[in-house]
Amino acid sequence: MGFVADFQQPYALQKVNVNLYRLIGKQTNTLYRYCANYNNNVCNWVIPQNNGTVFCKACDLNRTIPNITNPEYANRWSKIENAKHRLIYQLIRLKLPFCNKLQDSINGLVFDFKADEFDIAGAKVLTGHDDGIITLNISEADDIEREMARKSMNEVYRSVLGHFRHEIGHYYFDRLIGNTEKIESFRRLFGDERVDYATALERYYREGPRQNWNQQYISAYATAHPWEDWAETWAHYLH
């Protein structure tokens, strides 16, 4: 079996030679091969024989992965890829634009999956988005650690997929809203995003969400800043 992103569904495969397959039940002369990460047991997507990269549309967006010679890291990466593939599948279904940041530095998207030891300065790797770069601390794939964080921060949808859906919302704000004619409509609904972000977050973590937040916001964190209101609303729409 292999998932074909162009057709948005899986197909049974008939082996043609050691690396190439024909789709069973689909009238096409194109032969397919597995994504290179199939050998790492994290991907079952197939790509056309003449594809310009060895990776599928989901795996091609990876810029950094953890050291998978460490079995614990390999297991966490597998959970992360499972969630990320679900995200990319949904973006394809919704016909949302995305491309690799290594090919398009302005509009592109990449993922960095890091363990805390990746940070030379010794600081904790923070999950977040910055100009098309989505970073995820692989500790989020540890069910116990993530559940402790979810309860302490009162985040109902704190899951690996939930993180991806939130952070991709920031990416699509940049692509679809920021610096477009839609920004004024955005400000009427979500507020003025030009308010200092760092100050707004500091206030949120110091004072907590606004009173009666659930009468106007999708989550407590959405009250922190208009960008977070957008990202939380986007994530819940995808949920």
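To keep things clear, this report deals only with the structure shown in the data block. Counting from 1, residues in each chain are numbered in the order their sequence is written. This being a predicted model, a pLDDT of at least 70 is required before a residue's local features are given, and a value of 80 or more before pairs of side-chain atoms are given or counted; all residues contribute to the totals for chains, interfaces and linings. Only hydrogens and water are removed before side-chain values are computed, so all heavy atoms of the structure are retained for them.

## Observations regarding unusual backbone geometry
Note: most peptide bonds trans; most residues except glycine with negative phi.
Line of reasoning, step 1. Phi is positive for Lys95, which is not a glycine, with a value near 60°.
Line of reasoning, step 2. Summarising the element assignment, Lys95 is placed in the loop between helix H1 (71-93) and strand S8 (110-114).
Line of reasoning, step 3. Throughout, exposure labels follow a simple rule: accessible area from a 1.4 Å probe, protein chains only, divided by the maximum for the residue type, with under 20% read as buried, over 50% as exposed, and the rest as partly exposed. A relative accessible area of 71% places Lys95 in the exposed class.
Line of reasoning, step 4. Phi is positive for Asp131, close to 50°, though the residue is something other than glycine. Counting from the N terminus, the helices are the DSSP runs of H or I reaching at least four residues and the strands are the DSSP runs of E reaching at least two.

## Here's the deal with the pairing of S8
Line of reasoning, step 1. For S8, a buried count of four out of five residues is recorded, marking the element as mostly surrounded by other parts of the structure.
Line of reasoning, step 2. Crossovers are described as right-handed under a simple rule: with the strands pointing away from the observer, the path leading from the first strand over the helix to the second runs clockwise. For the crossover from strand S7 (residues 62-64) across H1 to S8, the handedness is left-handed.

## Brief notes about the pairing of strand S10 (residues 133-137)
Line of reasoning, step 1. For S10, the buried fraction is high: five of the five residues fall into the buried class.
Line of reasoning, step 2. Alternating residues of S10 divide into Ile133, Thr135 and Asn137 and Ile134 and Leu136, and every residue in both groups is buried.
Line of reasoning, step 3. Any two strands are treated as partners once DSSP identifies two or more bridges connecting them. Pairing of S8 with S10 involves five bridges; the strand directions are parallel. Each bridged residue has a counterpart across the sheet, and for Val110 the counterpart in S10 is Ile133.
Line of reasoning, step 4. Here three bridges tie strand S9 (residues 128-130) to S10, and the two strands are oriented antiparallel to one another. The partner of Asp130 across the bridge, within S10, is Ile133.
Line of reasoning, step 5. Following S9, the chain reverses through two residues before pairing antiparallel with S10; Asp131 in that reversal takes a positive phi of roughly 50°.

## Focus on the pattern of salt bridges
Line of reasoning, step 1. By definition here, a salt bridge exists when the distance from a side-chain nitrogen of Lys or Arg to a carboxyl oxygen of Asp or Glu is within 4 Å. If you walk through the whole model with that rule in mind, you get 13 salt bridges.
Line of reasoning, step 2. Notably, a salt bridge pairs Asp116 with Lys124, separated by 3.8 Å at the nearest N-O pair.
Line of reasoning, step 3. Judged by relative accessible area, which is 34%, Asp116 ranks as partly exposed.
Line of reasoning, step 4. One salt bridge connects Glu207 with Arg206, and the closest N-O pair in it is separated by 3.2 Å.
Line of reasoning, step 5. Taken together, the shared-partner salt bridges connect Glu184, Arg187, Asp192, Glu193 and Arg194 into one network.

## Considering the packing of aromatic side chains
Line of reasoning, step 1. Note on aromatic pairs: the rings of Phe, Tyr and Trp (six-membered ring only in Trp) are paired at centre separations within 6.5 Å, and the planes decide the class, stacked below 30 degrees, edge-to-face beyond 60, tilted for the rest. Tallied over the entire structure, the rule returns 20 aromatic pairs.
Line of reasoning, step 2. The interplanar angle of 65° and the centroid separation of 5.5 Å between the aromatic rings of Tyr204 and Tyr221 together place this pair among those described as edge-to-face. Within this pair, whereas Tyr204 is found in helix H5 (residues 197-207), its partner Tyr221 is found in the loop between H5 and helix H6 (226-238), the two being separated by 17 residues in sequence.
Line of reasoning, step 3. On the accessibility criterion, Tyr221 (15% relative accessible area) is buried.

## A few points about helix H3 (residues 160-177)
Line of reasoning, step 1. In a helix, the anticipated span is given by 1.5 Å times the number of residues less one. If you check H3, its first and last C-alpha atoms are 25 Å apart, about what 18 residues at 1.5 Å a residue would give, namely 26 Å.
Line of reasoning, step 2. Along H3, the helix axis deviates most sharply at Tyr171, where the bend reaches about 25°.
Line of reasoning, step 3. The buried count for H3 comes to 15 of 18 residues, which makes it a mostly enclosed element.
Line of reasoning, step 4. Asn179 lies just past H3 and shows a positive phi near 60°. At every residue, the bend is computed as the angle between two fitted axes, covering the seven residues ending there and the seven beginning there respectively.

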